[in-house]
Amino acid sequence: MDTYIRAQTLIRKIESMSGNEDRSLVRVLINVLSHSLSLVMAELIKTQEMDVSQLEAIHITGYSQLTQAQIDTITRISRSALVGSKNKAVRLTFHDCVGGCNGCLNVNNPDNKGLEDLVADIETVYQENNFSEIISRADLWALLGIWAINQTIIANNEDCDTCEEVPDLEVTFKWGRKDCATAPYSDDDVGLPAATFDHAELMEFFSDEFDFNDREVTALMGVHTLGAAKIFNSGFHGTWISGGANGASGAVFFNNQYFINMASLDWTLAQRLCTSLSNVDSDLCSNGQTTGWQWNVAGLGFNLNADMSLFKVGNTELDRLMFLYRILTLILMGSPLVPTQPVPLPRLRPM
């Protein structure tokens, strides 16, 4: 495979060219590259190192295209880094894409606290398996986020005896994201959304950052059905859906319980003493330490102010009606929360 490695080196050389190089040099490189790739094909056929479907992909290794076989291999190898961290993988995917999906995270930013171990674990897999020759970190993080959601859909359906099953996530994976120069780490603060956002601030953030409308923001917030917060990370504490982040099987469950709870439970806004919190070593609590202001229903879940702003815009019946309207349209129009057509994951398409 030395010829193949040399060919890949030439590809990277051409991709890095500024466009100002001597045209004769370009022609030489193209001729050498073409010859090298021909040799690669001949070597592979002779040694039977790859089947025909793999041969078809040999010239597009890198960031220009991915095959389904490569995707399957990448997810199979990488999932070891996501054991017990599927909800964190979804969070990482989102945090990376605020400010641009570039495979870089500022782990020193308090808003990213709790993701540092996952980034390190994925990076170990990335380096040990030479994934840089196949996929960028930004694409890998996005792919693992999609995979994690589908796994939590499977977990939900396996745990579901009487409820309606959630179909597979209907999504097209797009590749082509480029890593920042210092990937996977960065010192940049990209301006993540605040837990204290009110309705107007929440909608403005997602409109400016992603061009989302109110309906799309409402759908996206539903991913909190997977999540949990820890006081020593974010300053808040609780599981959005009790039993969802840590079910009897230790799985996370993706469903629409987030919306059901928000619309049907009697929520109370309060701060909670650190020493009174479950699953917290009280010796680590500082004197009088409390959570931030958060919405709670004992034994059933908690929400941030940004969550409740979807429902309690002005705490009027009209606000509640509009929230329920948005949820109804999500269901009737076949949103990602309630997909209508199960499809294989992922379908491949370049960005």
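Residues numbered from 1 in each chain as written. Predicted model: local features only at pLDDT ≥ 70, side-chain atom pairs only at ≥ 80, totals over all residues. Heavy atoms only, no water.

Student: A description of the overall build of the protein should follow, citing residues and the corresponding values.
Tutor: In terms of regular secondary structure, the protein is built from 12 helices and seven strands. Every one of the 351 residues in the protein was classed for burial, and the buried ones make up 42%. Of the contacts formed within the protein by residues at least 6 apart in sequence, a portion of 71% connects residues at least 24 apart. Summing over all exposed atoms, the protein offers an accessible surface of approximately 18,700 Å²; the carbon and sulfur share of this is 52%. (Helix = DSSP H or I, 4+ residues; strand = E, 2+ residues; numbered from the N terminus. Buried < 20%, exposed > 50% of the residue type's maximum accessible area, 1.4 Å probe, protein only. Contact = heavy atoms within 4.5 Å. Areas by Shrake-Rupley, 256 points an atom, 1.4 Å probe, with all protein chains shown as cover.)

Student: So, the sheet that holds strand β6 (residues 301-303): which residues are in play, and what are the values?
Tutor: Read across the open sheet, the three strands follow the order β4-β5-β6; overall the sheet is antiparallel. A strand with exactly one partner marks an edge of an open sheet, and here the two such strands are β4 (268-270) and β6. Averaged over all pairs of adjacent strands, the angle between strand axes in this sheet comes to 35°, irrespective of strand direction. Pairing between β4 and strand β5 (residues 294-297): three bridges, direction antiparallel. Looking at β5, one finds that Leu269 is bridged to Trp295. (Pairing = 2+ DSSP bridges. Axes fitted to C-alpha atoms, helices over the stretch in contact; angles between N-to-C directions.)

Student: Describe the pattern of salt bridges, naming the residues involved and giving the relevant values.
Tutor: Going through the model one piece at a time under the given rule, you end up with three salt bridges. Between Asp179 and Arg137 there is a salt bridge, with the nearest N and O atoms lying 3.3 Å from each other. Residue Asp179 is found in the loop between β1 (172-175) and α8 (199-210), and its partner Arg137 is found in helix α7 (residues 137-159); the two are separated by 42 residues along the sequence. Its relative accessible area of 22% is what places Asp179 among the partly exposed residues. Each of Glu123, Arg137 and Asp179 takes part in one network of salt bridges that share partners. (Salt bridge = Lys/Arg side-chain N within 4 Å of Asp/Glu carboxyl O.)

Student: How would you sum up the nonpolar core? Please name residues and give values.
Tutor: In summary, soluble globular proteins display a tendency toward joint burial of nonpolar side chains. Grouped together as the largest cluster of nonpolar side chains are 35 residues, with contacts concentrated most on Leu82, Leu92, Ile122, Phe131, Ile135, Leu140 and Phe173. Counting only elements with at least two residues in this core, the list comes to α4 (68-78), α5 (86-97), α6 (116-128), α7 and β1. Of all the elements, α7 adds the most residues to this core, at 10 residues. Aside from chain neighbours lying at most four places away, what touches Ile122 is Ala81, Leu82, Leu92, Leu140, Trp141 and Leu144. Counting 25 residues, the second-largest nonpolar core is a separate cluster that includes Met203, Phe205, Phe302 and Phe311. (Core = buried A, V, L, I, M, F, W, Y, C linked by side-chain atoms within 4.5 Å.)

Function-wise, these values are silent; they only describe arrangement.
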